[in-house]
Amino acid sequence: MIDQLTVYLENEKGHLARLCRTLGEGNVQMHLLVLADTPDYGIARIICDRPAHARNLLLEQGFKARLTPVAAVTVDNEPGGLATLLSVFDDAEINVEYAYCAEVSKDRLKAIDILKIDPIDTARAVIEQAGFRVIDPRELYELD
């Protein structure tokens, strides 16, 4: 399992740019960024190379940020690939709170799915038993 940086942003002009600038100036490399919004605030979900360092930088600058444990799973990049993975969770009665995906391999054969799962502590065994690969944190970021 990996740590996702979750940042709550006020829905105001310039806040996302300030977030990205803060991370860039702190030498944090973002690998994935997903934004969601509510009427009052936005939620930035970030996979980066140094999540604990990034969280500390953002907290120092007044952002509301936390680390969220998520599963990063490689899936065949084909129609129905994600559905197959999600069926595994359904069969095991594991709730997926949210997910986002990105194509990651140069040959376009694999995608990475980031999933917020409850309960996460039992998910790894279920994922691997079904034949999927959970990505090791060292593959995505430097350990702080």
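Throughout what follows, the structure given in this document is the object of discussion. This structure is a prediction, so every number in the text was calculated from the model and none was measured.

1. Here's the deal with the packing of aromatic side chains
So, point 1. For the structure shown, the criterion picks out 1 aromatic pair.
So, point 2. Between Tyr 8 and Tyr 41, the aromatic rings sit 5.9 Å apart at their centres with planes inclined by 65°, giving edge-to-face as the arrangement. Of this pair, Tyr 8 sits in strand E1 (residues 2-10) while Tyr 41 sits in strand E3 (residues 41-48), and the two are 33 residues apart along the sequence.
So, point 3. Residue classification places Tyr 8 among the partly exposed residues on the basis of a relative accessible area of 26%.
So, point 4. Look at Tyr 41 and you get partly exposed, because its relative accessible area is 34%.
So, point 5. Above the face of the Tyr 98 ring, Arg 45 is positioned so that its terminal group lies 3.6 Å from the ring centre.

2. Describing the pattern of salt bridges
Where charged atoms of side chains with opposite charge meet at close range, the side chains can pair.
So, point 1. Tallied over the entire structure, the rule returns 3 salt bridges.
So, point 2. The shortest N-O distance in the salt bridge between Lys 116 and Glu 97 comes to 3.7 Å. Residue Lys 116 is located in strand E6 (residues 110-118), and its partner Glu 97 is located in strand E5 (residues 95-103); the two are separated by 19 residues in the primary sequence.
So, point 3. Judged by relative accessible area, Lys 116 falls into the buried class, the value being 18%.
So, point 4. One salt bridge connects Arg 124 with Glu 128, and the closest N-O pair in it is separated by 3.2 Å. You can see Arg 124 and its partner Glu 128 sitting in helix H4 (residues 123-129), 4 residues apart, about one turn around the helix.
So, point 5. The class of Arg 124 is partly exposed, set by a relative accessible area of 31%.
So, point 6. Residue Glu 128 is classed as partly exposed on the basis of its relative accessible area, which comes to 38%.

Reading the values: the criteria
- Residues numbered from 1 in each chain as written.
- Predicted model: local features only at pLDDT ≥ 70, side-chain atom pairs only at ≥ 80, totals over all residues.
- Heavy atoms only, no water.
- Phe/Tyr/Trp six-rings, centres within 6.5 Å; stacked < 30°, edge-to-face > 60°.
- Helix = DSSP H or I, 4+ residues; strand = E, 2+ residues; numbered from the N terminus.
- Buried < 20%, exposed > 50% of the residue type's maximum accessible area, 1.4 Å probe, protein only.
- Lys NZ or Arg CZ within 6 Å of the ring centre and 35° of its normal.
- Salt bridge = Lys/Arg side-chain N within 4 Å of Asp/Glu carboxyl O.

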